[in-house]
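A look at the structure
Spelled out from the first residue to the last, the chains are:
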Amino acid sequence: MRAAVCREHGKPLSIETVRLAPPGRGQVEVVIEACAICHSDIHYIDGAWKGVLPAVYGHEAAGRIVRIGEGVGDRRVGERVLVTLLRHCGECVNCGRGLTARCEVPSNPQNSPFKLADGSPLAQGLGTGCFAERTVVDQTQIAPIPQSMPADTACLLSCGVITGVGAAVNTAEIEPGATVAVVGAGGVGLNAIQGARIRGASKVIAVDISEQKLADARFFGATDTVLAAGKSTHKEIRRLTGGRGVDYALVTVGAVEAMASALRFICQGGALVIVGMPPSGVELNFEPVILAHQSQRMLGSSMGDTDLSKDIPWLLKLHAEGRLKVDELVTGRYSLDQINEAIENTVDGKARRNVILF
């Protein structure tokens, strides 16, 4: 089968013929119908978070089950599913508490179903490897989707939607009437805006350096927008909130400068929610005395603290009711052979989400 292989950090992907092992116990094989380009894939391809090479990346996908290994529960061949990097053991302390996105048992990056055509090892990036025509994943990494749902829409539920909406709903637990600032109006940021709106926030302020992205933010539910302008940005946030600041500032970009700035957005008792992930080794400087004196909080949100079994049916219901925009997130559709073009367009900041269609 064909896959997009990363052989060297910072270099274009190569389309190659690779081998795929059959599903083992608790695993399923999925034919990929669509996989979106996420900045996390790009960070790994660029080497920002290291990683084993060569590798097949791609983790925001949808497809159809074609083979099932032993010990798989109620999944069936032919079923359409989304495929995500979220995998859980079901036995650790966090899994026992229902916090499956915080599973304490890491997957083994060396345990990959992929091999190069000559039989040499090929890593399964982020435990998914969906820039390929097929993949094998753990049964906990999939969730059923409607047969009629377009693949380019469904795949976005695997990462961009759950990360943004989940940051607002699961991590921040925004309450009705709260004020919210969302820093970064890209794919994840637009979904954080939607999450804040769904939770009943009274004011959702989008902050970005792009006028076009701020226009997108208004379309997805932002009540106000602020064009980031260095040191004056926090003053505009304060003005929009009557001098108080916001209850929640969700930073969806991986820039520490944005995180440091957002600390000045929040009110007394407010929370900074860090969603975007900078390269490894980058540090954020802040004055802890201010957080202590103001009873403020800093929260990390990985994949929106999503529980697939609970959150995906809820999000599908919202989408069916017209309360969650997903189709509108797609800005470009590409073939597997065009994947480097899709990545370049994403890096240039021109896309909400670009999707590879198989």
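Reference entry: report on the structure contained in this document. (Residues numbered from 1 in each chain as written. Predicted model: local features only at pLDDT ≥ 70, side-chain atom pairs only at ≥ 80, totals over all residues. Heavy atoms only, no water.)

Our focus in this paragraph is the packing of helix H4 (residues 160–171) against helix H10 (residues 308–320). Axis separation between H4 and H10 bottoms out at 12 Å; the angle between their running directions is 105°. Here H10 runs roughly perpendicular to H4, going by the angle between their axes. Facing H4, whose interface residues are Val161, Ile162, Val165, Val169 and Asn170, H10 presents Lys310, Asp311, Ile312, Trp314 and Leu315. For the contact of H4 with H10, the per-class residue count stands at seven nonpolar, one polar and two charged. (Axes fitted to C-alpha atoms, helices over the stretch in contact; angles between N-to-C directions. Helix = DSSP H or I, 4+ residues; strand = E, 2+ residues; numbered from the N terminus. Parallel < 35°, antiparallel > 145°, perpendicular 65-115°, else oblique. Contact = heavy atoms within 4.5 Å. Nonpolar A, V, L, I, M, F, W, Y, C, P; charged D, E, K, R; others polar.)

Turning next to empty space enclosed by the protein. A complete count under the given rule lists one cavity of 30 Å³ or more for this structure. Roughly 50 Å³ of volume is contained in the largest cavity. Around the largest cavity, the lining residues are Val161, Ile162, Val165, Gly166, Val169, Asn170, Thr306, Asp311, Trp314 and Leu315. For the lining of the largest cavity, the elements supplying multiple residues, two or more each, are H4 and H10. The biggest single contributor to the lining of the largest cavity is H4, with six residues. Each residue belonging to the lining of the largest cavity can be placed in one class, and the counts come to six nonpolar, three polar and one charged. (1 Å grid on protein atoms, 1.4 Å probe; cavity = no way out; pocket = protein on both sides within 12 Å on 5 of 7 lines; lining within 4 Å. Points joined across faces, edges and corners; volume = space filled by probe spheres on them.)

Below, the discussion takes up unusual backbone geometry. The omega torsion across leucine 53 and proline 54 is -5°, close enough to zero to call that bond cis. With respect to the helices, strands and loops of the structure, proline 54 is situated in the loop between helix H1 (39–46) and strand E4 (55–56). If you check the backbone angles, lysine 50 has positive phi at about 60° while not being a glycine. For lysine 50, the position within the fold is in the loop between H1 and E4. Of note, the phi angle at serine 295 is positive, near 55°, even though the residue is not glycine.

Moving on, we get to the packing of H1 against helix H11 (residues 339–347). Direction vectors running N to C along H1 and H11 enclose 105°, while the axes themselves pass 11 Å from each other. When the axis of H1 is compared with that of H11, the two are roughly perpendicular. Taken together, the residues of H11 that come into contact with H1 (itself represented by His39, Ile42 and Ile45) are Ile343, Thr346 and Val347.

Residues of helix H7 (residues 233–240) that are buried include every one of Thr233, His234, Ile237 and Leu240, and no others. Along the axis of H7, the buried positions cluster into a sector of 120°, meaning they face one direction only. Facing away from the buried side of H7 by more than 90 degrees, the exposed set consists of Lys235 and Arg239. On the buried face of H7, the contacting elements are strand E11 (179–183), strand E12 (203–208), strand E13 (224–227) and strand E14 (246–251). Positive phi shows up at glycine 242, right after H7, with a value of about 65°. (Buried < 20%, exposed > 50% of the residue type's maximum accessible area, 1.4 Å probe, protein only. Arc of directions from axis to C-beta.)

Across all of its chains, the model carries 20 salt bridges by this definition. Linking lysine 203 and aspartate 224 is a salt bridge whose minimum nitrogen-to-oxygen distance equals 3.3 Å. A residue pair is termed long-range when its members are at least 10 positions apart, and lysine 203 in strand E12 and aspartate 224 in strand E13 qualify at 21 residues. When its relative accessible area of 21% is taken as the criterion, lysine 203 is described as partly exposed. A salt bridge links glutamate 321 to arginine 323; the shortest N-O distance between them is 3.4 Å. For glutamate 321, a relative accessible area of 39% gives the class partly exposed. Each of Asp74, Arg75, Arg76 and Glu79 takes part in a single network of salt bridges with overlapping partners. (Salt bridge = Lys/Arg side-chain N within 4 Å of Asp/Glu carboxyl O.)

Next up on the list: the packing of aromatic side chains. If you walk through the whole model with that rule in mind, you get three aromatic pairs. Taking the centre distance of 5.7 Å and the plane angle of 20° together, the rings of tyrosine 44 and tyrosine 57 count as stacked. With tyrosine 44 in helix H1 and tyrosine 57 in the loop between E4 and strand E5 (60–68), this residue pair connects regions lying 13 residues apart in the sequence. Of the residues examined, tyrosine 44 reaches a relative accessible area of 23% and is grouped as partly exposed. (Phe/Tyr/Trp six-rings, centres within 6.5 Å; stacked < 30°, edge-to-face > 60°.)

Approximately 250 Å³ is the volume attributed to the second largest pocket. Contributing to the lining of the second largest pocket are 15 residues, with Leu263, Arg264, Ile290, Leu291 and Gln296 lying nearest its centre. Contributing elements (two or more residues each) for the lining of the second largest pocket: strand E15 (266–274) and helix H9 (288–293). The dominant element in the lining of the second largest pocket, judged by the number of residues it contributes, is E15, at three residues. For the lining of the second largest pocket, the per-class residue count stands at seven nonpolar, four polar and four charged.

Shape descriptors only; they carry no functional weight alone.
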